[in-house]
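Structure assessment
Each chain is listed here by its residues.
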Amino acid sequence: MVDHLLNGTRSADAPLLLHRTPVELHMVLAAAVQSCAAVAEPRGVEVVVEPATQASVVSVDAARLTQAVQQLVRNAILFTPPGGTVTVRAVYTPAPTIEVADTGVGIPADELPYVFQRFFRGRHARRQAVPGVGLGLHIAQEAAAAHGGRITLSSAGAGTTARLTLP
């Protein structure tokens, strides 16, 4: 929790330092999903990692990118009801992209512009008493931006898809 708060409240003037190494994108997915297994199992949410269709090596800070993907997977799990599914996959064209799709409650359209802001907690988070302080997506977006990428979210009623795209 302390690391989460420190990461989420870091000054915008302090750049996020990266230690880039060549990493297979699918390995980042596997590490992130594995670290979230303890959250998914007791909630009765199945996390499915689609098999890699090709190997793609990217130059990234594996720890930072894994942390960003963990935030996306964790959010998907927390907002998916028991019996639901979170699907994680890597897409390589036109750009390396990690997609996390869930069968959860979705994000209301009027909240989508605010979800990456520090400490923003939407009405579903408040109503369902989802744990957190509203820093996860902000931290993930900062890690993506430090890599020259970005995260986009789409939600139409039920379900949300998060896409972390790298250059």
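Values in this document were obtained by computation on a predicted structure and should not be read as measured data.

**Thoughts on the pairing of strand β7 (residues 160-165)**
As paired strands, strand β5 (residues 97-102) and β7 are joined by 6 bridges and run antiparallel to one another. Each residue of the ladder has a partner; that of Ala101, found in β7, is Thr161. The hairpin turn running from strand β6 (residues 150-155) into β7, its antiparallel successor, is 4 residues long, and Gly157 in that turn takes a positive phi close to 70°.

**Here's the deal with the nonpolar core**
Membership of the largest hydrophobic core comes to 35 residues, with the highest contact counts inside it found for Leu25, Val69, Leu72, Val73, Ile98, Val100 and Leu164. Those elements that provide at least two residues to this core are α2 (25-43), β3 (57-60), α3 (62-78), β4 (85-91), β5, α5 (136-146), β6 and β7. Contact partners of Ile98, with chain neighbours within four places excluded, come to Leu25, Val28, Leu29, Val69, Arg89, Ala162, Arg163 and Leu164.

**Description of the packing of α2 against α3**
One way to put it is that α2 packs onto α3 with a least axis distance of 8 Å and a crossing angle of 35°. The element α2 and its partner α3 pack so that their crossing is right-handed. On α3, the residues touching Leu25, Val28, Leu29, Ala31, Ala32, Val33, Ser35, Cys36, Val39, Ala40 and Arg43 of α2 are Leu65, Thr66, Val69, Gln70, Val73, Arg74, Ile77 and Leu78. A class-by-class count of the residues in the contact of α2 with α3 yields 14 nonpolar, 3 polar and 2 charged.

Cut-offs applied
- Residues numbered from 1 in each chain as written.
- Predicted model: local features only at pLDDT ≥ 70, side-chain atom pairs only at ≥ 80, totals over all residues.
- Heavy atoms only, no water.
- Pairing = 2+ DSSP bridges.
- Helix = DSSP H or I, 4+ residues; strand = E, 2+ residues; numbered from the N terminus.
- Core = buried A, V, L, I, M, F, W, Y, C linked by side-chain atoms within 4.5 Å.
- Buried < 20%, exposed > 50% of the residue type's maximum accessible area, 1.4 Å probe, protein only.
- Contact = heavy atoms within 4.5 Å.
- Axes fitted to C-alpha atoms, helices over the stretch in contact; angles between N-to-C directions.
- Left-handed = near helix turned anticlockwise from the far one by under 90°.
- Nonpolar A, V, L, I, M, F, W, Y, C, P; charged D, E, K, R; others polar.

Without other data, these values stay purely geometric and don't point to any function.
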